[in-house]
Amino acid sequence: MRTLENRDTLRVGFVGAGSIAESILGGIIKNEILSPAQIYVTNHQNDQRLLYLQQRYGVSPTRDLETMVKDSTMLLLAIKPKEAKEVCLRLGKYIRRDQLIVSVMAGISTKNINEWLGVDCPIIRTMPNTSSSVGLSATGIAAGRYASESHLEIAAQLFRAIGSVFQVAEADLHILTGLSGSGPAFIYYMAEAMEQAGVKAGLPADLSRELTVQTLLGAAHMLLKAEEEPAELRRKITSPGGTTEAGLAVLNSYSFQQAMIDAILRAAEKSEELGKLYR
Ligand SMILES: NC(=O)C1=CN([C@@H]2O[C@H](COP(=O)(O)OP(=O)(O)OC[C@H]3O[C@@H](n4cnc5c(N)ncnc54)[C@H](O)[C@@H]3O)[C@@H](O)[C@H]2O)C=CC1
Ligand SMILES: O=C(O)[C@@H]1CCC=N1
């Protein structure tokens, strides 16, 4: 288990209790990085959702924003970009200058968050992904204007506990959003198709699912462990005149690689657009 320095004194308040909040807090608790008692959650108005998180993870739900902010050493903003301004304007009334803000919001700049909060507090902007829940997020992090190296390190330690952390320039978080933030969805989309192909050819759905998952898992491990480039790994599977070559020809006829490149770049562009739309 990876450890977090001074973790006994850390109290994290999650503002927003949706998919990514659950993935992160689930990963933190599963890996015993923080105890559930160190985590508060609040959301817009869905009491059922807060109750579910309390029952499943033991975290503390609250609607008392003021007390939550007061009791938290770190606030993690996990709201949608369109909600960012309104929520930050409300939070600004309670936030202290020494309080660490961590944002996972796509596209929203630390500059805007500081402006809306009206406080020159340290902000670390991050882009994790939902694989946080199994300790395998690829998380990009960048420091805002008022954040020091030690703030960056605190946030990095937290996210390292639920995956790998990559420090980048804030502007690069847009492309990380496309590649590694949205990326798992593109892989799941492909997994859905692989499973459907197996079923279409007559396999039971659960067998098709297992074969798909094990194939993706094996390929990911190969990418991690093997010395070769992805193209070389692919070449080793592709016998001249064989089945893989025939399959790849179909993928090429649909411009599969170009489609994936365009999807990632479009997601990155959308991140920039969201930042401009909601500033
Ligand atoms: N879902 C993902 O894979 C990832 C999402 N993100 C970012 O995380 C943020 C949240 O995304 P999701 O969890 O997918 O969204 P979601 O829709 O599942 O959750 C949003 C949460 O914000 C809460 N909220 C809305 N207005 C609020 C208010 N006024 N006060 C308090 N809470 C409020 C909602 O009640 C909900 O709990 C977004 O900014 C997104 O860009 C970042 C990385 C990955
Ligand atoms: O779709 C979204 O906007 C968020 C950001 C990265 C993953 N999900």
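- Labelled according to an unreviewed UniProt entry, the chain appears under the name Pyrroline-5-carboxylate reductase, originating from Brevibacillus fulvus.
- UniProt lists a comment for the chain under the heading Function (unreviewed entry), and it reads "Catalyzes the reduction of 1-pyrroline-5-carboxylate (PCA) to L-proline."
- Under Subcellular location (unreviewed entry), UniProt gives the following word-for-word description of the chain: "Cytoplasm".

**Details of the pairing of strand β8 (residues 163–167)**
Right, on to step 1. Relative to β8, strand β7 (residues 137–143) is paired through 5 bridges, and the arrangement is parallel. Across the sheet, residue Ser-137 finds its bridge partner in β8, namely Gly-163.
Right, on to step 2. Read from β7 through helix α6 (residues 149–160) to β8, the crossover connection turns out right-handed.

**Looking at unusual backbone geometry**
Right, on to step 1. If you check the backbone angles, Glu-32 has positive phi at about 55° while not being a glycine.
Right, on to step 2. Considering the arrangement of structural elements, one finds Glu-32 in the loop between α1 (19–30) and β2 (39–42).
Right, on to step 3. A relative accessible area of 55% means that Glu-32 is categorised as exposed.

**A look at the confidence of the model for the chain**
Right, on to step 1. Summary statistics for the chain give a mean pLDDT of 96 and a share of 98% for residues scoring 70 or more.
Right, on to step 2. Scored as a complex, the prediction yields pTM 0.96 and ipTM 0.98.

**What to know about helix α12 (residues 256–277)**
Right, on to step 1. Compared with the 32 Å implied by 1.5 Å per residue over 22 residues, the 31 Å span of α12 between its first and last C-alpha is a close match.
Right, on to step 2. Structurally, α12 contributes buried residues whose contacts are with α5 (110–117), α7 (173–181) and α8 (183–200).

**Here's the deal with the sheet that holds β7**
Right, on to step 1. Strand order in the open sheet made by the 8 strands is β3-β2-β1-β4-β5-β6-β7-β8, with mixed pairing throughout. Where the open sheet ends on each side, the last strands, each with one partner, are β3 (60–61) and β8.
Right, on to step 2. Looking at chain direction, strand β4 (residues 74–77) and strand β5 (residues 100–103) are connected through 4 bridges and run parallel. Looking at the pairing, Leu-76 lines up with Val-102 of β5.

Conventions used here
- Along each chain, the written sequence defines residue order, and numbers are assigned to residues from 1.
- Chain labels run from A onward and ligand labels from 1 onward, assigned in the order the entries are written.
- Note on the predicted model: pLDDT of at least 70 is required for a residue's local features to be given, and 80 or more for side-chain atom pairs to be given and counted; whole-chain, interface and lining totals, by contrast, use all residues.
- With hydrogens and water stripped out, all remaining heavy atoms of the structure feed into the side-chain values.
- UniProt positions are given in the numbering used here, feature names are shortened, and annotations may be inferred rather than shown by experiment.
- Strands are treated as partners if at least two bridges between them are detected by DSSP.
- In this description a helix means any DSSP run of H or I spanning at least four residues, a strand means any run of E spanning at least two, and both kinds are numbered starting from the N terminus.
- When the strands point away from the viewer and the path from the first strand over the helix to the second turns clockwise, the crossover is right-handed.
- Exposure classes here rest on a 1.4 Å probe applied to the protein chains alone. A residue is buried below 20% of its type maximum, exposed above 50%, and partly exposed in between.
- Summary of the metric used: pLDDT quantifies the predictor's per-residue confidence within the range 0 to 100.
- Multiplying 1.5 Å by the residue count of a helix minus one yields the expected span of that helix.
- Whether two residues are in contact is decided by their heavy atoms: any pair within 4.5 Å suffices.

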